[in-house]
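Close look at the chain arrangement
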Amino acid sequence: MSSPTKVFCIEDDVDSADLIREDLTDRGYVVKVAHDFSAALATLAAFMPDIIVCDVNVPGMTGFEFLESARGIIRGERKIPFIFLTGNADKESIMRGHSTGADEYMLKPVDFDVLDTVIRKYTEHDAPEEGTLLPFGLSKREVEVLQWSAKGKTSAEIAIILDLGKRTVDFHIDNAREKLNVATRTEAVVRAALLNIIQL
């Protein structure tokens with residue numbers, strides 16, 4: 001059995017940091033929080049996280065500067081994925097974040113379902129490949145959209161979460177519905193749940 005994913009969160013707002021720690025801990029992650037970059041740099045090498053979630057605007061240093069310092073500390077180790085959290089995702093900041101080496105840019109307030117999905121995207125490497133067929137000939141992507149549908153997300157919301165077009169999401173749902181031999185999206189979700197393909 002694999003060990004839990006270790007998430008290092010740097011967030012100067014104590015309440016926000018506590019919410020992130022609480023939610024991710026409930027989802028089975030091991031979470032360490034730092035409220036400033038000095039403390040983060042001091043504990044980074046010892047904790048050696050699987051992924052870093054970092055606010056862009058923390059007093060004393062920008063998130064971009066911290067990312068460069070963190071990359072220096074863990075040079076030679078595996079590349080640790082880096083997610084920026086920000087309240088204002090202007091194009092210039094996003095471009096700078098990606099050029100510095102950030103993997104993702106997420107807007108506040110944090111949508112914890114989306115954050116969980118992004119963390120899994122970068123830390124789960126033993127999932128079936130995109131083309132791998134699951135029960136009833138369902139693809140991994142079709143199961144994903146059914147699972148998000150079961151969580152009450154609309155096609156438009158699923159499109160944002162999975163970085164797809166809304167029409168592509170609808171296409172996957174229609175394919176899944178046909179493979180499960182049901183007439184509606186809701187029936188597809190219910191049947192997939194009854195067959196233990198997804199969880200409600």
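Residues numbered from 1 in each chain as written. Predicted model: local features only at pLDDT ≥ 70, side-chain atom pairs only at ≥ 80, totals over all residues. Heavy atoms only, no water.

1. Here we look at the overall build of the chain
The line we're drawing: Strands here mean DSSP runs of E at least two residues long; helices mean DSSP runs of H or I at least four residues long; both are numbered from the N terminus. Any residue under 20% of the maximum accessible area for its type is buried, any over 50% is exposed, and the rest in between are partly exposed; the area is computed with a 1.4 Å probe on protein chains only. In this analysis, two residues are considered to be in contact whenever any of their non-hydrogen atoms come within 4.5 Å of each other. Each accessible area value is a Shrake-Rupley result obtained with a 1.4 Å probe; residue values ignore everything except the protein chains displayed when judging cover.
Within the chain one finds nine helices and seven strands. Split into buried and exposed, the 200 residues of the chain put 43% on the buried side. Of the contacts formed within the chain by residues at least 6 apart in sequence, a portion of 59% connects residues at least 24 apart. With an accessible surface of roughly 10,800 Å², the chain has 52% of that area assigned to carbon and sulfur atoms.

2. Some thoughts on the nonpolar core
Cut-off, in case you're wondering: By nonpolar core we mean a set of buried residues, namely Ala, Val, Leu, Ile, Met, Phe, Trp, Tyr and Cys, connected to one another through side-chain atoms within 4.5 Å. Where each domain starts and ends follows an automatic or database-derived domain assignment.
Val7, Ile20, Leu24, Ile83, Met106, Leu115 and Ile119 are the most contacted members of the largest nonpolar core, which has 27 residues in total. Among the domains, domain 1 (6-124) and domain 2 (140-195) are the pair contributing at least three residues each to this core. Residue contacts for Ile119: discarding those within four places in its chain leaves Thr5, Val7, Leu24, Tyr29, Ile51 and Ile83. Judged by nonpolar contacts, the second largest core, of 21 residues, contains Phe8, Ala40, Ile80 and Phe82.

3. What to know about the sheet that holds strand β3 (residues 51-55)
Strand pairing within a sheet occurs via backbone hydrogen bonds; the two strands may be parallel or antiparallel. Where we set the bar: Pairing between strands requires that DSSP locate at least two bridges from one strand to the other. To get an axis, a line is fitted to the C-alpha atoms, and for a helix only the part in contact is used. The angle between two axes follows their N-to-C directions and goes from 0 to 180 degrees.
The five strands are arranged β2-β1-β3-β6-β7 in an open sheet whose pairing can be described as parallel. Single-partner strands in this sheet number two, and they are β2 (30-34) and β7 (104-107). Shown here is a sheet whose adjacent strand axes are inclined to one another by a mean of 20 degrees, direction ignored. The strands touched by helix α5 (residues 112-123) within the sheet are β1 (6-10), β3, β6 (82-86) and β7, with β7 carrying the most contacts at an inclination of about 170 degrees.

4. Here's the deal with the environment of Ala188
In this structure, Ala188 sits in helix α9 (residues 185-194). Sequence separation between Ala188 and Ser149 is 39 residues, and the spatial gap between their C-alpha atoms is 9.6 Å. When sequence neighbours within four positions are dropped, the list of residues in contact with Ala188 reads Leu146, Arg177, Leu180 and Val182.

5. Focus on the UniProt feature "modified residue: 4-aspartylphosphate" (unreviewed entry) in the chain
Heads up, the rule is: UniProt positions are given in the numbering used here, feature names are shortened, and annotations may be inferred rather than shown by experiment.
The residues that UniProt annotates with the feature "modified residue: 4-aspartylphosphate" (unreviewed entry) are Asp55. With respect to the helices and strands, Asp55 occurs in strand β3. You can call Asp55 buried: its relative accessible area is 5%. Excluding its chain neighbours within four sequence positions, the residues that come into contact with Asp55 are Ile10, Glu11, Asp12, Phe37, Gly63, Leu85 and Lys108.

6. Details of the side chain of Thr123
Rule in force here: Here a polar contact is recorded for every N or O atom pair within 3.5 Å, except that within protein the pair must consist of a potential hydrogen donor and a potential acceptor, and residues adjacent in sequence are included only if both atoms are side-chain atoms.
Counting through the fold element by element, Thr123 comes out in helix α5. At a separation of 2.7 Å, a polar atom in the side chain of Thr123 contacts the main-chain carbonyl oxygen of Ile119. Sequence-distant contacts of Thr123, defined by excluding residues within four places in its chain, comprise Thr5, Asp50 and Ile51.

7. Examining helix α3 (residues 63-73)
We apply this condition: Note that the arc is computed from the directions linking the helix axis to the C-beta atoms.
Residues of α3 that are buried include every one of Gly63, Phe64, Phe66, Leu67 and Ala70, and no others. Down the axis, α3 shows its buried residues gathered within 155 degrees of arc, on one side only.

8. A word on unusual backbone geometry
The linkage connecting Lys108 with the following residue, Pro109, adopts the cis geometry, with an omega of -5 degrees. Tracing the sequence through the fold places Pro109 in the loop between β7 and α5. In the Ramachandran plot, Asp163 falls in the positive-phi region, its phi being about 60 degrees despite a non-glycine side chain. Along the chain, Asp163 falls in the loop between α7 (155-162) and α8 (166-179). Phi is positive for Asn196, which is not a glycine, with a value near 65 degrees. Considering the arrangement of structural elements, one finds Asn196 in the segment after α9. Residue class for Asn196 comes out exposed when judged on its relative accessible area of 65%.

9. Topic: the pairing of β1
Selection rule: The definition of a right-handed crossover adopted here requires that, viewed with the strands pointing away, the path from the first strand over the helix to the second runs clockwise.
With four of its five residues buried, β1 lies for the most part within the structure. In the classification by handedness, the crossover that spans β1, the intervening helix α1 (residues 14-26) and the parallel β2 is right-handed. In terms of strand pairing, β1 meets β3 through four bridges, oriented parallel. By the bridge assignment for β3, Val7 is matched with Ile51.

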